[in-house]
Every structure is written in C-alpha cells, then in structure tokens.
Amino acid sequence: MKKRTLNCIGILFSLLIVTGLAQADVYMKQKQHSDGMKVMGKQQPAEDVIANIWITDKGFRSDNPKNSMIMLLDKKTMIMIDHKEKTYTEMPLDMGDMMSKKSKDMDAEDRAAFQKMMQGMMKMEVSVQPTGEKKKIKGWNCKKYIMTLETFMGPTTNEIWATEDLKIDMDLYAKFNSSMMAAMPGMKNAADQMMKEMKKIKGVQVLNISTMNIMNQTTKSTTELLDFKKGKAPSGIFKVPSGYKKKSITE
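None of the values given here were measured: they were computed from a predicted structure.

Thresholds, definitions, all that
Residues numbered from 1 in each chain as written. Predicted model: local features only at pLDDT ≥ 70, side-chain atom pairs only at ≥ 80, totals over all residues. Heavy atoms only, no water. Helix = DSSP H or I, 4+ residues; strand = E, 2+ residues; numbered from the N terminus. Buried < 20%, exposed > 50% of the residue type's maximum accessible area, 1.4 Å probe, protein only. Polar contact = N/O pair within 3.5 Å; in protein donor to acceptor, adjacent residues only side chain to side chain. Contact = heavy atoms within 4.5 Å. Salt bridge = Lys/Arg side-chain N within 4 Å of Asp/Glu carboxyl O. Pairing = 2+ DSSP bridges. Core = buried A, V, L, I, M, F, W, Y, C linked by side-chain atoms within 4.5 Å.

**Description of the side chain of T77**
If you trace the backbone, T77 turns up in strand 7 (residues 77–82). Overall, T77 belongs to the buried group, its relative accessible area being 14%. A polar side-chain atom of T77 sits 2.9 Å from the main-chain carbonyl oxygen of K75. Not counting the four nearest positions on each side in its chain, T77 is found in contact with I70, M71, L72, E90, M91 and L93.

**Notes on the environment of F238**
Mapped onto the fold, F238 is located in the loop between strand 13 (217–231) and strand 14 (245–247). Exposure remark for F238: the relative accessible area of 22% places this residue in the partly exposed category. Beyond its immediate sequence surroundings of up to four residues, F238 is in contact with T56, K58, G59, F60, R61, I70 and L72.

**A look at the pattern of salt bridges**
This structure, assessed with the given rule, holds 7 salt bridges. Of the charged contacts in the structure, one is a salt bridge between K66 and E47, with a shortest N-O distance of 2.9 Å. With K66 in the loop between strand 5 (59–63) and strand 6 (67–72) and E47 in strand 4 (residues 47–55), the pair connects residues that are 19 residues apart, well separated along the chain. Between R61 and D63 there is a salt bridge, and its shortest N-O distance comes to 2.9 Å. Looking at R61, the relative accessible area reads 9%, which means it is buried. Judged by its relative accessible area of 22%, D63 is partly exposed.

**Brief notes about the pairing of strand 9 (residues 125–137)**
As judged from the 10 bridges shared by strand 9 and strand 10 (residues 140–151), these two strands associate in the antiparallel manner. Each bridged residue has a counterpart across the sheet, and for V126 the counterpart in strand 10 is L149. The hairpin formed by strand 9 and strand 10 contains 2 residues between the paired strands, and K138 there has a positive phi angle of roughly 55°.

**Things to note about the pairing of strand 4**
Bridging between strand 1 (residues 25–34) and strand 4 involves 9 bridges; their strand directions are antiparallel. When the sheet's bridge partners are listed, K29 is paired in strand 4 with N52. Of the pairings in the sheet, the one linking strand 4 to strand 5 comprises 4 bridges and is antiparallel in character. When the bridges of strand 5 are listed, W54 appears paired with R61. Counting the residues that bridge the hairpin from strand 4 to strand 5 gives 3 residues.

**Details of unusual backbone geometry**
What you tend to see is this: most non-glycine residues have negative phi, and most peptide bonds are trans. Phi is positive for K76, which is not a glycine, with a value near 50°. Locating K76 in the fold gives a position in the loop between strand 6 and strand 7. For K138, which is not glycine, the phi dihedral falls at a positive 55°. Take K138: it is sitting in the loop between strand 9 and strand 10. Residue K138 is classed as partly exposed on the basis of its relative accessible area of 48%.

**Observations regarding the nonpolar core**
Among the nonpolar cores identified, the biggest contains 21 residues, and M28, L225 and F228 are the most heavily contacted of them. The biggest single contributor to this core is strand 12 (residues 204–214), with 3 residues. Once residues lying within four places of it in the same chain are set aside, the contact partners of L225 are M28, K29, K138, W140, L166, V204, Q205 and V206. Within the second largest apolar cluster, 11 residues are counted, among which are M124, V126, V128 and M198.

Keep in mind that these numbers describe shape and distance, not what the molecule does.
Right, here's the structure in full:
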C-alpha cells in the first residue's frame, strides 16, 4: 500500500511540473533526478531519467526507460506500465471509492485499521507563496515560488521556477490535475485547495527542486524542463504495448 501510494505521489509531482498547457497537443521533455532512499526496507539507488510527455484533450502519457503512465479522461482510468516486467496495471481515477468498497470484504479488525489509515491519508495541506525573485533559466524569464505540501507521509517543500514566456491553457491543466488528484487515495477532497493554490503559479514550471520527508527519510528530487512545444501527438499514444501482461492492482 505505502509503496503504491509513494509511486502515485511521485507521478503527481512529475505532473505538477506543468502549471499550464498549450491549447494544441503539447510535447515536453523533462530531466528528472531523484536521490537514493529506502522503500519498504529496500535501498533504492539515486536515479536520473529523461521523461517524454504528451498531453492532449483526450489524455496524458509520460514515458521513461523504466515505466510509463497513461491517463484516459474519457474512461476515467490510469494505466501504469512496467517495461522491465512487460506488465501493466489499470486503476480507476477514483481510487478512494474503490478502496472504500474493498474494505467491506475485510474483517472488523482489518477494516478498523484500514479506515484509520484512510483518515490519515485525507489530511493534506498545501500552500504556494510567490517570492518575487526572478532569473533566466535556459533563456526563459522565470519567477520563483515556494510550495509546501503536508501529507500523511510527511512534508514536502518545492522550490519552483516558472515562466510565462510559454503560451498556456490553465483550464486544460486544471482538468488534468484535478483528475490526477482524485486518483490518489484520500486526496480527492483536497483537490479544490490544491487547484486554488496552484493557480498562484503563473506559467509553465521550468525547474522544480523538491525536498521530501517520507517515512522519516529526507530525499531530494529535481525536475527540469528541457523542451516544450506544440504539435500533433502520435497515433496510438494511449495504447499499451503489444505482448504486455495485465496485472491486478493488488499484486
């Protein structure tokens, strides 16, 4: 449970690097770095990946050499793809409701523990503060913001540099971000607060330096925008690769 939730939080922060979307399909390339940390008792090494992202009015896809994520708005479904294992998992965007229904099959003791955990998950506070600082990054005029996020897993502080040099469509971004928030257990009720605060960030995020305290561990990650352009997304972008095996969400 914790490992899957941690993965969802990581995907969310990857999505938050875009604080606005162009009106046409948008392609972005990101350089993502994460420090090493222990997850479920296992040491995870530091990692650097290049992510290729397409965002359209039908859905969103992010690809790196290890995994991919597809979010389909019309089907209200998120698909996680593991390229090493050649498997994929489908999850409803309303993950919280699915987990609540699943708890009905538990005995009284497990149900009580599950409900207590869910109540903890629902506690989230987010705030965004403009700093007034400005600088150029890769030729883009950027402004600095500090975003703090308090969740059941611990606090996160993000140093965000965003530019208004790139044309954006905030309404389309809001649709994607609210869908992503609703997919994370316990965060559906916090989506409105998240969107209200995120609107304080003007433009597209060029650099996000995140310091996370998760399960008593402090780790840093950075997401850097390398490329941003409008275009036509490739056909079949929302399909799972042929030959990949479907896994249950509980596996």
